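Chains, contacts and geometry: an overview
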Amino acid sequence: MGELSAGAAVVCVGEAVWLMGGWHSGARRAQLLLAGGGVVGTGPPVWRDAVGRLRQIRGQLRVEWWAPVAGLVLAVLGASVLPVVAGAAGVPLLRRLRLAGEARRARERRADGAIGLCAALAGEVRAGRQPGEALLSAVRDSGGFGAAQAAVLAAARFGGDVPGALAGAARQPGAEGLLGLAACWRVAVDQGAGLAAGLDRLEAALRAERDQRSDLRAQLAGARSTAVMLAALPAFGLALGTALGADPLHVLLHTGAGFGCLVVGGLLEVVGVWWVARIVRGAEAM
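So, here's what we can say about the structure.

Rules used throughout
- Residues numbered from 1 in each chain as written.
- Predicted model: local features only at pLDDT ≥ 70, side-chain atom pairs only at ≥ 80, totals over all residues.
- Heavy atoms only, no water.
- Helix = DSSP H or I, 4+ residues; strand = E, 2+ residues; numbered from the N terminus.
- Expected span 1.5 Å × (residues − 1).
- Buried < 20%, exposed > 50% of the residue type's maximum accessible area, 1.4 Å probe, protein only.
- Salt bridge = Lys/Arg side-chain N within 4 Å of Asp/Glu carboxyl O.
- Phe/Tyr/Trp six-rings, centres within 6.5 Å; stacked < 30°, edge-to-face > 60°.
- Contact = heavy atoms within 4.5 Å.
- Axes fitted to C-alpha atoms, helices over the stretch in contact; angles between N-to-C directions.
- Parallel < 35°, antiparallel > 145°, perpendicular 65-115°, else oblique.
- Left-handed = near helix turned anticlockwise from the far one by under 90°.
- Nonpolar A, V, L, I, M, F, W, Y, C, P; charged D, E, K, R; others polar.
- Core = buried A, V, L, I, M, F, W, Y, C linked by side-chain atoms within 4.5 Å.

For helix α5 (residues 131–142), spanning twelve residues, the distance from its first C-alpha to its last is 16 Å, which sits close to the expected 16 Å at 1.5 Å a residue. All buried positions along α5 are accounted for by A134, L135, L136, S137, A138, V139 and S142.

Pasting the structure below:
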């Protein structure tokens, strides 16, 4: 009897779940039909829409605007307006760092584009194409090298001054290798020398220079990581003190001695980070 009762209970629960699911499905179907003839079973849930909006906002929010957000959180925790002021002051600095990173990545893309252009142009010339036609195809295959690409394409298509257009494009940061391409073009087209051989040597030199910069950047990665870790130690100390119940935010923001330590420590932190960044930039420039 016990097993029979348990089986009957399971059947009843399963039927109730099926009925509830069917009722919800019918209600959703009716809602979709009455709302304007939408397709049954489509449309993301509300929570998925909210997550999508949050991801869109996060993608549009630049990294520098997280500084005031962090300052506001610290201001609420420490009951002081100073973190908000510090967060607002950090916005220009973080924006400058972000723009510097974007400029560095743009330089690297232009340098890779110049190397790819040399390789593609050498291959097109060896395939028997004329220099102008080969340059048009090589620019398309290399992925481009910046805003001056249109001038180079126009010069190659309409018989203009291709070396001058390449020299103008080489003024962009990272595209300096196009100066060598302009020199090879002058020697090959004007004097009849071999263009492919010169492009091969130029590509090899540009690749060696890029590999050298990559190796140097990899060697300096340890110094950067150490500097970032040391710069984050004060924040770790504040978090540890808060976890131990010492309330370091109150001491730093609401006492004279704590505020003095905060000012001196902040200045030393800024000077230390600036000094390490200067050393790294000097090493990269060598």
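A few words now on the pattern of salt bridges. Here the structure, examined in full by the defined rule, presents ten salt bridges. Note that R104 is salt-bridged to E108, the shortest N-O span being 3.2 Å. Here E108 and R104 lie together in helix α4 (residues 82–126), a separation of four residues that amounts to about one turn. Residue E108 is classed as partly exposed on the basis of its relative accessible area of 29%. The network of salt bridges with common partners includes E64, R95, R98 and E102.

Enumeration over the complete set of coordinates arrives at one aromatic pair. Judged by centre distance (6.0 Å) and plane angle (50°), the rings of W274 and W275 are tilted. By relative accessible area, W274 is classed as partly exposed at 47%.

Looking now at the environment of L206. Among the structural elements, L206 can be located in helix α9 (residues 195–243). Among the residues examined, L206 registers a relative accessible area of 14% and is labelled buried. Along the sequence, L206 and E176 sit 30 residues apart, while their C-alpha atoms lie 9.6 Å from each other. What L206 contacts, discounting residues up to four positions off in sequence, is I115, C118 and G177.

Glancing now at the packing of α4 against α9. The contact between α4 and α9 brings their axes to 9 Å, and the two run at 155°. When the axis of α4 is compared with that of α9, the two are roughly antiparallel. For the pair α4 and α9, the sense of crossing is left-handed. In this structure, α4 uses E108, A111, D112, I115, C118, A119, L121, A122, V125 and R126 to contact α9, whose residues at the interface are L195, A196, L199, D200, L202, E203, L206, R207, R210, R213 and R217. Of the residues contributing to the contact of α4 with α9, the split by class is twelve nonpolar, no polar and nine charged.

Glancing now at the side chain of E124. Inspection of the secondary structure puts E124 in helix α4. When its relative accessible area of 14% is taken as the criterion, E124 is described as buried. Aside from chain neighbours lying at most four places away, what touches E124 is R129, A134, S137, A138 and D141.

What follows concerns the nonpolar core. With 33 residues, the main nonpolar core has L117, L121, L135, V162, L178, L181 and L199 as its most contacted residues. Residue assignment for this core shows that the elements contributing at least two residues are α4, α5, α6 (149–157), α7 (162–169), α8 (177–191) and α9. Broken down by element, the residue count for this core peaks at seven residues, all from α4.

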